[in-house]
Amino acid sequence: MSEVLTTALRHRPGDRDAAVRSLGDTTARHADDTDPFGDDLHLALQVCYELHYRGFTGVDPAWEWDPELLRSRGRLERRFLDGLRAEIPGGQGREAVDAALDELLVEPVHGTGLTHRLADDGAWWQLREYLVHRSIYHLKEADPHAWVIPRLRGQAKAALVAVEFDEFGGGRYERMHSRLYADLLEAAGLRAGYLHYAEHVPAPSFATVNLMSLFGLHRGLRGALVGHFAAAEISTAPGARRMVTALDRHGAPEACRLFFTEHIEADAVHEQVMRHEVIGDLLDHEPGLAADVLFGIRATELTETHLAEHVLGRWDAGASSLREPLGAAPGT
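Keep in mind that this is a model prediction, so the values were computed, not measured.

When its secondary structure is counted, the protein shows 14 helices and zero strands. Mapped from its N terminus to its C terminus, the protein presents α and β elements in the order α-α-α-α-α-α-α-α-α-α-α-α-α-α. Compactness check: the protein gives a C-alpha radius of gyration of 20 Å against a globular reference of 20 Å for 332 residues, within 12% of the reference. Taken across its 332 residues, the protein has 54% of its residues classed as buried.

What follows is the structure, encoded as structure tokens:
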């Protein structure tokens, strides 16, 4: 499906070329049977969603709202959502949301996650691979969540905008979190170009970002996007502390550390704002969205778990976690 899609995008939307005509036919035949977390579906979704961000050189911007492409994307989205819902337990009401957020605040004594591994004994090459996986999102950080702003009201809107203002550097380009991440990549001997590593990362890396784009582009999933944003803010500060530990073990440059030290303090505040002022106010006005908020929290956990399992599984097998391994860092 992803091959048919990228072939079609080389043509003009509306052309009756065979490559364009086959787009809808191919997704209609295969979307329901493909792996909802696999490479084909998530590469195709990533390409579809990128048309709403920066697009692609040589691709007609009119593809963004082409009806045939949107029908095909809709089939892929339904398959992804079905896969998520099949693995996520249901729940209703604010009590379930509060319980899920409380779980995120509990730090295990002996953690076994991805950043725990990097902090404890991760090698420099593994650290660099982790940075590559995260580059697909962090170089567009906060952009997917901005789509929910016009879909909120009251204090929920005002508080979420305040959090986003911090993500965008408080109005200073050099402090934007996406810019800090680009500086981090360059300091680690990696390329900082937007989507530069798209050819390197596997489906679980795309899935974590596709989840945000899916929630952001559908008003009916606004509760899920708020839940995702809250879950991300709650889990970021502890993970950032572990990443600073990992970087310090390797004597990494300060530019590598700054992205994470910025998140330790900022996201500890954002967690409270998201939980009480955004989610709290949203559910005061729209209590029926509690199940969606909970779904967003659980879907965030699930996609992050899939990524960690992939990366750690490959490393435990003595292999690269990337589709195309990196070369040695300069000076190593």
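Still more to cover.
This part covers helix α10 (residues 177-187). The element α10 is extensively covered by neighbouring structure, given that eight of its eleven residues are classed as buried. A positive phi of about 75° marks Gly 189, the residue just after α10.

So, about the packing of helix α6 (residues 114-121) against helix α7 (residues 124-138). Between α6 and α7, the shortest axis-to-axis distance is 10 Å and the interhelical angle comes to 150°. Here α6 lies roughly antiparallel to α7, going by the angle between them. In the packing of α6 onto α7, the handedness of the crossing is left-handed. Contacts between α6 and α7 pair Leu 114, Thr 115 and Leu 118 from the former with Gln 126, Leu 127 and Tyr 130 from the latter. In terms of residue class, the contact of α6 with α7 is made up of four nonpolar, two polar and no charged.

A separate point is the environment of Arg 153. The residue Arg 153 is located in the loop between α8 (143-146) and α9 (154-167) in this model. With relative accessibility at 48%, the residue Arg 153 sits in the partly exposed group. With 132 residues separating them along the chain, Arg 153 and His 285 place their C-alpha atoms 8.9 Å apart. The residues contacting Arg 153, other than those within four sequence positions of it, are Asp 281, His 285 and Glu 286.

It is possible for side chains bearing opposite charge to pair when their charged atoms get close. Taken as a whole, this structure holds 17 salt bridges when the rule is applied. Of the charged contacts in the structure, one is a salt bridge between Asp 39 and Arg 323, with a shortest N-O distance of 3.1 Å. One end of the pair, Asp 39, is in helix α3 (residues 39-50); the other, Arg 323, is in the segment after α14 (290-316), and 284 residues separate them in sequence. With a relative accessible area of 38%, Asp 39 lands in the partly exposed category. On the basis of relative accessibility, which here comes to 53%, the residue Arg 323 falls in the exposed class. The salt bridge partner of Glu 68 is Arg 71, with a shortest N-O separation of 3.0 Å.

This part takes up α14. For α14, with 27 residues, the first-to-last C-alpha span of 39 Å sits near the 39 Å given by 1.5 Å per residue. Just past α14, the residue Gly 318 takes up positive phi, approximately 75°.

This part takes up the packing of aromatic side chains. The description of an aromatic ring pair rests on the distance of the ring centres and on the angle between the ring planes. Evaluation of the coordinates by the stated rule reveals six aromatic pairs. Arranged with centres 4.9 Å apart and planes meeting at 50°, the rings of Tyr 53 and Trp 147 form a pair that is tilted. Residue Tyr 53 is found in the loop between α3 and α4 (67-87), and its partner Trp 147 is found in the loop between α8 and α9; the two are separated by 94 residues along the sequence. Pairing Trp 125 with Trp 315 gives two aromatic rings, centres 6.2 Å apart and planes at 75°, and the pair type is edge-to-face. Residue Trp 125 is located in helix α7, and its partner Trp 315 is located in helix α14; the two are separated by 190 residues in the primary sequence. With a relative accessible area of 40%, Trp 125 lands in the partly exposed category. Look at Trp 315 and you get buried, because its relative accessible area is 5%. Taken together through their ring pairs, the aromatic side chains of Tyr 181, Phe 259 and Phe 260 make up a single cluster. Arg 54 extends its terminal NZ or CZ atom over the ring of Tyr 194, reaching a point 3.7 Å from the ring centre. A cation sits over an aromatic face here: Lys 140 above Tyr 53, 4.5 Å from the ring centre.

Calculation criteria
- Residues numbered from 1 in each chain as written.
- Predicted model: local features only at pLDDT ≥ 70, side-chain atom pairs only at ≥ 80, totals over all residues.
- Heavy atoms only, no water.
- Helix = DSSP H or I, 4+ residues; strand = E, 2+ residues; numbered from the N terminus.
- Rg over C-alpha atoms; globule rule 2.2 N^0.38 Å.
- Buried < 20%, exposed > 50% of the residue type's maximum accessible area, 1.4 Å probe, protein only.
- Axes fitted to C-alpha atoms, helices over the stretch in contact; angles between N-to-C directions.
- Parallel < 35°, antiparallel > 145°, perpendicular 65-115°, else oblique.
- Left-handed = near helix turned anticlockwise from the far one by under 90°.
- Contact = heavy atoms within 4.5 Å.
- Nonpolar A, V, L, I, M, F, W, Y, C, P; charged D, E, K, R; others polar.
- Salt bridge = Lys/Arg side-chain N within 4 Å of Asp/Glu carboxyl O.
- Expected span 1.5 Å × (residues − 1).
- Phe/Tyr/Trp six-rings, centres within 6.5 Å; stacked < 30°, edge-to-face > 60°.
- Lys NZ or Arg CZ within 6 Å of the ring centre and 35° of its normal.

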